[in-house]
Structures are given as C-alpha cells and as structure tokens.
Amino acid sequence: MMTQRQSRLSGFDNRTLFLLGDEAAAYGALYAGCDFFAGYPITPASEIAEVMSRELPRVDGYYVQMEDEIASLSAVIGAVWAGAKAMTATSGPGFSLMQENIGYAIMTETPCVIIDVQRSGPSTGQATKPAQGDVLQARWGTHGDHEIIALAPSSVQECFELTVESFNLAEKYRIPVILLMDGEIGHLRESITFPAYEDVAREERRLAEPEVESFGGEDVPPMSHFGEGRFIHVTGSTHKASGMRDVSTQAVHEDLVTRLCRKIVDACAEISSVEEDFVDGAKIGVLAYGATARPARGAVLEARRAGCAVDFLRLITIWPFPEEAVKRLADRVDTILVPEMNLGQIAREVERFTAAPVLPLSKIGGVPHTIDEILDAIRANGSGSGSTVGQRP
Amino acid sequence: MNDEPIIPGPARPLKPHRLLKFLRQEILPTAFCPGCGCGTVLNSFAQAVEELSIDPKDMVFVTGIGCSSWIPSPYFKGDTLHTTHGRPIAFATGVKIMRPDLKVVVIAGDGDIAGIGGNHLVHAARRNIDITVLMVNNWNYGMTGGQVSPATPFGVPTTTTPYDNPEHPLEAAELVAAAGANYVSRWTTYHVFPLMESIQKALEIEGFSFIEILSQCPVSYGKMVDMRRASDFLKFYRDQSVRVHKAKEMSAEELEGKIVVGKLVERQRSEFVTSLRRINERFREG
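Everything quoted here is computed from the prediction, not taken from an experiment.

Analysis parameters
- Residues numbered from 1 in each chain as written.
- Chains lettered and ligands numbered in written order.
- Predicted model: local features only at pLDDT ≥ 70, side-chain atom pairs only at ≥ 80, totals over all residues.
- Helix = DSSP H or I, 4+ residues; strand = E, 2+ residues; numbered from the N terminus.
- Rg over C-alpha atoms; globule rule 2.2 N^0.38 Å.
- Contact = placed C-beta atoms within 7 Å.
- pLDDT = per-residue confidence, 0-100.
- Nonpolar A, V, L, I, M, F, W, Y, C, P; charged D, E, K, R; others polar.
- Pairing = 2+ DSSP bridges.

Draft legend 1. Molecular detail of the overall build of chain B. Each helix and strand in chain B was counted, giving eleven helices and ten strands. Over its C-alpha trace chain B gives a radius of gyration of 20 Å, about what one expects of a compact globule, namely 19 Å for 286 residues. Overall, chain B is about 75 × 55 × 35 Å in size when its C-alpha atoms are taken along their principal axes.

What follows is the structure, encoded as structure tokens:
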C-alpha cells in the first residue's frame, strides 16, 4: 500500500518542471523523507520554507515557523530525537545565528540538514544578492574542534539531488549536513526532471538495539529516540558512550572529539564527490563550485574551442575537502585558477595541497562572474607562467 | 574526619525514599550546593509525578544551562535533552510536535528562561504549545558565581552589580500570562504543598503551562546580601509572600517588594500542536 507521501510525490514521477533552485531543494527534502521543517523567513531562502509549509501537511509532516533561526535549528534537533528527519533553511545572517546549535548537533551526533542559501555579507550586506562567502563559516563557524559535511549544487537539478544526498549523509554519519546553495542558484529557474519516487535512495536511520549505547562503541553509533523507555541522555557537554556527562576526564573528551572527527576524516573518499573534466596537455586548471561553476565551465569550453587545453574540476563536496581530487588536478597542471564569489576562501584551501600557483579570481558585490572574465584569466595564465590575476586582497 | 553517626544510637538500615525510584541513583549525590532550593523543586516535581501516576517513560525533559537545569538532567530518570543555553523551550517545541503523546517538561533557571531564552518563552506561550515549564528563579546566575540576572531585584548587590542593581527585574509569570499561556502560577520553595499541587495542575492542563518557582541560592546570591542560610530565604519567602487574591486588594505601594504567589491564569485557549495536526487531517486519505 502506498504511503500518503508516496502517493503525493509519485504525482511528480519523471515529470520535467520549471522550478527555482529553492523549490527543487524543498522537493528534494520531501523525497528524502523529511517530515519536519522549522525555519524563519530570509531572502533568498524563503521559498524553501514556503514549499515546505505547503507540502509537509500533504505528506503527514510538520512545518513550524519559529521566532528566529536559533529556535529553528533548536526545534529541528528536538524533532530528530523524537524521530523526525528534519531540516531548516536560511541565509548568512540566520546561518550565523545557528552556529552554536550546529556545534550542538555535531556533539550530540544529531542527523539534520541545514540549507544556507548564501547571500552577500558580512552582516546584512546585499540582502538580495548572491555570494559564496559562507564556505569557511560552514567549516569553522562553530567553536571547538570538529568536522562537518557541506555540499554545493550548481544547478536546479542538483539542488534536488544534493538535498537528498544531504539527508542520506546526515543519517549515515550522524552529523548535521550543510547544503551550501547561493542566491544565484536558489533563485535560478530552470528545468528539473524528477526521479521516480521509488528510485530515490533513502538512507534509513540506524537505531540501537536494546542495551547498545548510542554515543560510542563504534565510530558512528546507532541512535535512540525519545519515548522508548531507554531514558537516553542527550547533552552537548562532553559525555561517555552511555551519553552521561563527564566533563572532567581528559581521556573522555579526547576520545569523543577525536571520534567525531575521525568518522568524517576516514570517510572523506567515500563522501567526496567532484566532477573532473581533464584534457591532455592542460597547463592550467579551473576549479570552481556552486553557481560559479557555470560560467567557469563555459569559459573552459570556450578556451578549448579556441585551442587552449584547460582542465576543469568542480567541487560538489566542499567539506570534507576533496583533497585527493585537488591533488590529482595539481599534479597535472602548472596553475590552478579558482573563481569564486568571495575573496579567495576556497583558493586558500586549494593552496594547502599544491606547490603550483593558485590564482584566486574573486568577485564580490552580488554579480556573478561572466564567461569572458574567466576566459580572460585563462588566456592570461594559460601558458602556466606568470599571472595577471589573483591579487590577494 | 569524624566517622561517628550524626544521630547517636544503634545503626538501622535506612529505607530507600519512596521517590528514589524516579532518580538516576548511580550518579547521586547531587552537585547542588548546601542549602540550594533545587532539591526541593526536584522533590516536589517527583511527588507530582507520583501523585499523577505518570510513567517516566512517557516524559521527556528538556533543559538548558544553569544549576536548575540539572534538576532533571541528569538526576531524573527519563529521556533528557540537555540543550544549549536559553534554548530548551525551542528544542522542546520540536519534540512536542513530533511526539504529542509524550509529556514534555522544561526545567531551567531565570537566566536561561527569562534572560537569554526570553524570546522563546514569549513565543511558546503565544503558541500555547503543550509544554510545562518550571522556571526556577534564584535571582541570579548561580552556576557562574552570582552575577545579576533579569530576575534580580532592584537595588541588590551581585558580583556584577557591585554598586547595587540599577535594573528592574522581569516579572516572568505575568509576562507569560499576558503572552497567552493556558496556566501560570508562582510559588516558592517555602510553599511546598501548593507548589506540588500546582505542578500537578501544570502537567495535566493542555496548553502552555508555566510555574515560576522562587528558589533560594544561599551560596552565590546569599553571599552578597548576607543571607547565607537556606532558612534566611525561606523566612523571607514566608514573610514577603502575598496570595494572588489578597494582592488584588492591595495598592502598588503596599505590594512593593512583595512576592505575589498563587495561580495567575487558568484558561482553555486552543493548543498549538493540536491545531497543527488538524491541518494534516485535511489531507489524510480515506
């Protein structure tokens, strides 16, 4: 027998629609099994909340608009421990407010999804304009040693697919997953083809057998939910495998935090997803992600058409950083060009894995790169020596 | 060290307290300071649970940061979500929406609930979500050593108001009543029996229920005002408390410095999760 969700969503099966990236992400969440959304309106992410408020009751899920973004992620985490697959969506200012609870979700190993439709900052910045200024905040925004998973879609289709993937990774590794969209992709309207509901792979939550502890024992321990008579104790304080607080034993803290990091670091290859498009004889490579990958790919194709061999690497996973793919690119080319809508946040990360020159092609101010801008930079540096772009601010 | 029994006479095995079954006994004794009111609140709460015959399996405790958040977490044997500072009501909202069959109880302090978490308190009361909140008001940030809180009385010295508090306290119970909660009362750790009855009422009533419990902090707060014994506070609560119905007949001047205790509000506004779930019924098949 079809579930209510199945019968509602299978109406979209294999259909091609003309949707916003925000809308596609919301549908991705529904296909992934999301049954709880808490959020707070913010440009350019509000359309996600609007779709969720409309669709969740139709699939027997729940939408609640909270009083702020702190409360939104709080409610999400509470709902997960009560059995939900849950998500929130926001933009930079709200993402800043969520940082403390992101750390709480990491420490308590609460699977959940946070969509950050990035806009131009800092502060209120250019509220309606796109940016990629939160990529390092996604990595290091909350205090203390930790790892995180973050993905960046480059198309409306990918907004759908990577939201599903975010939910699956969250369940698999018991960690909050951040979908780093940007205002350009969130408010882009283009074709998306829905998969058949049945064909979508959904990672189900692994629940602990009786007497099995939920906060240790293996790198990704199974969860327990409230209301099952297990008297579980969930705390953001340093805790033992049982969940009980122990904030004074050095080894307990070290064991916990190193495990929380290890479970992601050791799975980096498994989690990492990139798009590699390499050609023989390339001296320069272009590395891009998110909205910027679109003009970057356009420039790479133009350059090849003009006879210049250029490698292209698109990061789909941003964190954990796909360092093996970056090393492969670095081994092939003399120069890596990194266009991004910030002042060189990922370029700096790329530098950690190559001795070759890394040239940031930064652009801020809410206007995406053009193909010509990136093409000019490829032309100017395509020989692999010297540089005319990439002045560090 | 003196190993002699405190009460002289032949040693008799103590009968375990009848409410001990509600506690995580393996981690006792509690970390509360000598004379702290948190034990009285814990006792009163456990008594209310016993009276109502609630199975602890059907309860979820959500707490924040501060001494009184430790009352249920970790001492009460139930599912516990010990959250970030100020946010337990917001976390509890997610729990309650997904599991309306569970009793969701927040126990936290004046700093957590009325200070950093004040916005969540107001909006949860406005939604009238079926959560019970016990705000244990000890007039200061006790865990961090006695700093001024939003509930500290005017003109009182604390470690961060060394020249006396220039701010007025928030009357949290009146605020929650105005915001729309279905049940609001205020009691103190002196009024143990009415407090127990009030907790029972709060647990039973559908909708947002809120009890402000004035609770002594002889260590962090008392050291600054020369009230170093629990009894100093209990006598103060006894002498300064005025019942709600009497307070209505008193002038503002007469009520200056008094603690108004009793039930402030009891009503039947519609409850949030019930209304939310009713929406889903429209789309249910068959």
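So much for the structure itself; the text now carries on.
Draft legend 2. Inspection of the environment of Val234(A) at higher detail. Note on placement: Val234(A) falls in strand 10 (residues 233-235). In this structure, the C-alpha to C-alpha distance between Val234(A) and Glu198(A), residues 36 residues apart in sequence, is 34 Å. Here Val234(A) is in contact with Trp81(A), Thr108(A), Gly243(A), Thr80(B), Leu81(B) and His82(B), once residues within four sequence places are set aside.

Draft legend 3. Focus on the confidence of the model for chain A. On average, chain A scores 96 in pLDDT, and the residues at 70 or more come to 97%. Contacts for the low-pLDDT stretch residues 384-393 of chain A, under 50 throughout, to residues beyond four places or in other chains number 20 contacts.

Draft legend 4. Structural detail: the interface of chain B and chain A. Taken together, the contact between chain B and chain A spans 32 residues of the former and 38 residues of the latter. Of all the secondary-structure elements, those providing two or more residues to the side of chain B that touches chain A are strand 2 (79-82), helix 2 (88-98), helix 4 (118-127) and helix 11 (272-281) of chain B. The element that contributes the greatest number of residues to the side of chain B that touches chain A is helix 2 of chain B, accounting for eight residues. A per-class count over the side of chain B that touches chain A returns 13 nonpolar, twelve polar and seven charged. Bridge count for strand 10 of chain A against strand 2 of chain B is three bridges, and the pairing is parallel. Counterpart to Thr235(A) in the pairing with strand 2 of chain B is His82(B).

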